[in-house]
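Observations on the model geometry
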Amino acid sequence: MSNVQLTTLTSYSLLESTIEITQYVQSAKKLGYDYLGITDRNNLYGALEFMKACQNAQIHPVIGLLLEYYSSQTQKEHEIFLFARNEEGYKQLMRLSSQKMSDSQILLEDATSLNDIYAILPDENELAELLKEEKKDLAKQRATELQNVFGKRQFFYGIAYQKDLAADVNRWMEKQGIQPAAYQLIDSLHTEEAFSVKVMHHIKEGEKIDNLPQEMQQLTVSNSLEAYEKKKKWYETHAPNAWENTEKIAESCQAEVPLQQKLLPHYPLQEGTSASQFLKELCEKKLSQRVERVDQRYQERLDYELSVIHRMGFDDYFLIVWDVMDFLHENNIVTGAGRGSAAGSLTAYVLSITDVDPIKYDLLFERFLNPERNTMPDIDLDIPDNQRDTVLQYVKNKYGQNHVAQIATFGTMAAKMVLRDTCRVFGLSQSEANRWSNAIPKKMKITLEEAYQQSKSLRELVNMNERNKQLFQAAQTLEGLPRHVSTHAAGVVISDQNLLNLVPLQEGSEGIWLTQFTMNDVEETGLLKIDFLGLRNLSIIADTLQGIQKVVKQTVTQKEIPLDDPKTLRLFQRGDTTGIFQFESAGIRSVLRRLEPETIEDVAAVNALYRPGPMQNIDTFIKRKHGKEHIEYPDPSLKSILENTYGVMVYQEQIMQVASQMAGFTLGQADILRRAISKKKKSVLDQQRRYFIAGAKEKGFTEEKANQVYNYIERFADYGFNRSHAFAYSFVAFQMAYLKVHYPAPFFKALLRSVLHNPKKMKEYLSGAKNAGVKTLSPSINQSFYSFYLNSLQEIRFGLGGIKGIRRDFIYDLLDERMENGNYTSLNQFLTRMNQRNSKWLKEENIRPLLAIGAFDELEPNRRQALSQLEGKIQNVLYSGGSLDLLDMMALKNETLPDFSLEEKLKLEDDYLGIYLSGHPVEQFSKIKRSKKNY
């Protein structure tokens, strides 16, 4: 006999259950269950996690679904439990879930045969409703249809645990040949969580608890996991056949989520052309285009890499990535120089996937793709954050809608969020909810339990009364559970097979599917994931290059930027790296000033060293660079490897090179050593030490020297940084620095556009622009656009979108009006035109900020006067019905008021812009000081 619990909503039935899969399996194991099921509402988010957790606990997993389907008979949706009998049944579940999660309605009769699925109707079901309405003929017809869909032996009606039996319905079901099945739909592990589940439902529906004591009293039906003996005893008394049928269903369900499949897609090629042949020909053709002087080193390295790539089966992978990058380059979209270890591949460099020459900069292919470890290569593509959708659409169109998907991720209920949600359900006012929220210490990822221990004000709130205790307890129960599905910032799945047969999907954005599985689960199934990372810094570079083209009429490209430019290196030496990718912090700028980089090698070293851990080597590195400390090497034979970094082991690649040089390791074996040291497993470390010493002795080194060098490697391995990544990102930083020093106005315009709604950063960058000799012009109703605008090679104009308190659609409307009908000639004319365009804009709160910060100075130079007359002018425009002649006749009496003082203007600018544009409060004191000095 089997101990079974099949119908379970987990926390992946968003805001319906408090059950986390790991705890569910552990609790069921303790209670003696042999078979466990999962039936989340319409989705399979947790299927793989559930299967693995069950297998680890030696429990048989049953993968199911609580599907909401539409009935044409009742004209509404009903629920049905579905369970996969086998792999084909799992595929059917995936298709049903994908269809439901993308369409609002699903008709079971439209599905092809579902004979590999068991179906159980819950006690509240379509047939019972038809019988209740005395539509027996329709009920009989519908029962036959459903039996035909699933197969007569796979279709059951459910008898719910501890619920009153509807004897007449049960008799009718059995008369139709529909067998009973036992089920208990659970949504919590413990009865104490029942109230929290109710709170969760209220959060989902946006409702409040009207009567707390009444809500507590209504928690009678058990929806929590109980000991199977108790359930079995109830069913043996009330419906023994139902319990036996559920056992048979559980035992018959043998479906598993297929893992580690070989699902690498094939790059589309003409028939008769192999991927390896095409890749080799492509690389041979492009090698001379990418490398000025191709010598034996390049040819041998390329041949070696291509042989490894082919042997490991990744020819198509490289072609797919190359094709995406080729699309970007063909469309003049800025790209990054590379990310991670991919920059160590000459193949990637030749194909313009990366822009770092691995031979010139001494980068290792094996750090990227180790022929002695069969792992997937990982090439992440950096693209401008405003071009990511363009790339996704290209990939979708290239491979087809059902072959490309973005990847799901889950937003969870963190401490403050869950507390606010729970406060809302309990009917607390905004000020009361703020009091709870403010009682949580401002600390990243703090839990409610930690907050309770650390915050006296929170403890006082919780213990103030019984209601508050219940509120806090409910919030603690819900904390950390998934609240919503969102899209992974980078991951994209590509397959040449139909994804609907491989992974559950749901509707995404812009016509691109979203996987129901998260990133790790997607990779475990064997699907290819490529990260398309949208980088703000690449958008800044692209915007700067466009600005140069517009004002200077000169085309500058990333690849033309020399990496030994003296002016750019001097900028790094001054630490003038505000706005420069990876080099903005005060700490790293201090290191730059002390180190005084003279080459891109030095710049990359700073990038690698300025991190927790490696930081302790910074002083030694700087002293040795400036000749203030003697350079020492663990052994003279390692000088060629460590010379660039003054004897300090900065990079992971150096660890690999030392192992190769001294102990005769292949670079693949050296990569395994590097990984082993980073994981710090003593048994593995001891084994690797033995290999290293044996190899070193074979090459003529003493055991003492071998141990000394191995100890040196172990000491530095924790702090070694990926050299390929350091160089790739330093290339991007150098490109930005070059643009900043040679084209400051286009650069700062692009930089300021990227932080339009971040006043703190805007202040910093406007100060940087001023220091670079770039003038920032105030917002203008006739000259400004939404964002910052490049006026000339020395001037940028402040955008209207940077003004606080103005609606974006109002700004776009006034800009469209100006574009269509010309500049505004007076405040009255502006008000009239905006009234004619859309009368809702004629409100003081929309126009006051524009006047306060001087956007109308060219038409109304006296800001105080204009603001004082605004209300009257709006009224006149409304009374005049849009007639300018009538408006002139209704002109307000002109009482001249003194304009705002500089101090008042600056106060208004600070209020509405977050910065000063007309000057600075300190400047007037500087002038007084200078005049006193002269006197």
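Quantities reported herein were computed from a predicted structural model and do not represent experimental measurements.

A word on the UniProt feature "domain: Polymerase/histidinol phosphatase N-terminal" (unreviewed entry) in the protein chain
- Using the residue numbers shown here, the UniProt feature "domain: Polymerase/histidinol phosphatase N-terminal" (unreviewed entry) corresponds to residues 4-71.
- A distance of 30 Å separates the end C-alpha atoms of residues 4-71, which is 29% helix and 26% strand.

Some details on the packing of helix 22 (residues 536-552) against helix 33 (residues 744-753)
- The N-to-C vectors of helix 22 and helix 33 enclose an angle of 140 degrees; their axes lie 8 Å apart at closest approach. Put simply, helix 22 runs oblique to helix 33. Of the two elements, helix 22 crosses helix 33, and the hand of that crossing is right-handed. Every residue of helix 33 that contacts helix 22 at Arg 536, Ile 540, Asp 543, Thr 544, Gly 547 and Ile 548 is listed here: Pro 746, Phe 747, Lys 749, Ala 750, Leu 751 and Arg 753.
- Looking at side-chain class alone, the contact of helix 22 with helix 33 contains 6 nonpolar, 2 polar and 4 charged residues.

Points about the pattern of salt bridges
- Under the criterion given, the structure shown has 52 salt bridges.
- The residue Arg 41 makes a salt bridge to Glu 68 at a minimum N-O spacing of 2.9 Å. In this pair, Arg 41 sits in the loop between strand 2 (35-38) and helix 2 (47-56) while Glu 68 sits in strand 3 (residues 60-71), placing the two residues 27 residues apart along the sequence.
- The salt bridge involving Lys 230 is made with Glu 226; its shortest N-O contact spans 3.5 Å.
- A relative accessible area of 46% places Lys 230 in the partly exposed class.
- One salt-bridge network, in which partners are shared between bridges, spans Glu 16, Arg 41, Glu 68, Glu 79 and Lys 204.

A look at the packing of aromatic side chains
- One pass over the structure, following the stated rule, counts 37 aromatic pairs.
- Consider the rings of Phe 572 and Phe 583, whose centres lie 5.5 Å apart with planes at 80 degrees: the pair is edge-to-face. Placement of Phe 572 in helix 23 (residues 566-574) and of Phe 583 in the loop between helix 23 and helix 24 (586-595) is noted, with a sequence separation of 11 residues between them.
- Through a chain of ring-to-ring contacts, three or more aromatic side chains come together here, namely Tyr 304, Tyr 317, Phe 318, Phe 365 and Phe 368.
- Sitting over the ring of Tyr 349, Arg 290 keeps its end group 4.2 Å from the ring centre.
- A cation over a ring is seen here: Arg 818 above Phe 785, with NZ or CZ 5.1 Å from the ring centre.

Brief notes about the nonpolar core
- With 130 residues, the main nonpolar core has Phe 692, Leu 814, Phe 830 and Leu 850 as its most contacted residues.
- At 12 residues, the largest contribution of residues to this core is made by helix 32 (residues 723-742).
- Residues Ile 63, Ala 84, Leu 130 and Ala 255 belong to the second largest nonpolar core, which totals 59 residues.

Remarks on helix 36 (residues 827-837)
- Of all the 11 residues making up helix 36, 9 are buried; the element is thus mostly covered by neighbouring parts of the structure.
- Of the positions making up helix 36, those classed as buried are Leu 827, Asn 828, Gln 829, Phe 830, Leu 831, Thr 832, Arg 833, Met 834 and Asn 835.

Looking at the pairing of strand 2
- Burial along strand 2 is two-sided: Tyr 35 and Gly 37 facing one way and Leu 36 and Ile 38 facing the other are all buried.
- Of the strand pairs in this sheet, strand 1 (residues 4-5) and strand 2 are connected by 2 bridges, and their pairing is parallel. Within strand 2, the position partnered with Val 4 by the bridge is Tyr 35.
- After leaving strand 1, the chain enters helix 1 (residues 21-30) and then returns to the sheet as strand 2, a path that is right-handed.
- Relative to strand 3, strand 2 is paired through 4 bridges, and the arrangement is parallel.

The rules behind each value
Per chain, residues are indexed from 1 in the order of the written sequence. In keeping with the model being predicted, local features are shown solely for residues with a pLDDT of at least 70 and side-chain atom pairs are shown and tallied solely at 80 or more, while totals for entire chains, interfaces and linings include all residues. To get the side-chain values, take all heavy atoms of the structure and skip hydrogens and water. UniProt positions are given in the numbering used here, feature names are shortened, and annotations may be inferred rather than shown by experiment. Helix numbers and strand numbers start at the N terminus; a helix is a DSSP run of H or I with at least 4 residues, a strand a run of E with at least 2. The convention used is that axes are lines fitted to C-alpha atoms, helices contributing only their stretch in contact, and that angles between N-to-C directions extend from 0 to 180 degrees. Orientation labels follow simple angle bins: below 35 degrees gives roughly parallel, above 145 gives roughly antiparallel, 65 to 115 gives roughly perpendicular, and whatever is left gives oblique. For any pair of crossing helices, the crossing counts as left-handed if the nearer helix is rotated counterclockwise from the farther one by less than a right angle, and right-handed if it is rotated clockwise. Whether two residues are in contact is decided by their heavy atoms: any pair within 4.5 Å suffices. Under the scheme applied here, ten amino acids are nonpolar (Ala, Val, Leu, Ile, Met, Phe, Trp, Tyr, Cys and Pro), four are charged (Asp, Glu, Lys and Arg), and all others, including Gly, are polar. The working definition used for a salt bridge is a side-chain nitrogen of Lys or Arg within 4 Å of a carboxyl oxygen of Asp or Glu. Buried means the residue's accessible area, taken with a 1.4 Å probe over protein chains only, is under 20% of the maximum for its type, while exposed means over 50%, and partly exposed covers the values in between. Centre distance within 6.5 Å is the pairing criterion for rings of Phe, Tyr and Trp, where only the six-membered ring of Trp is used; planes under 30 degrees apart are then read as stacked, over 60 as edge-to-face, and the remainder as tilted. The rule for a charge over a ring is simple: NZ of Lys or CZ of Arg within 6 Å of the ring centre, and within 35 degrees of the ring normal. Residues grouped as a nonpolar core are buried Ala, Val, Leu, Ile, Met, Phe, Trp, Tyr and Cys residues, joined through side-chain atoms within 4.5 Å. Any two strands are treated as partners once DSSP identifies two or more bridges connecting them. Here, the term right-handed applies to a crossover whose path from the first strand over the helix to the second runs clockwise when the strands point away from the viewer.

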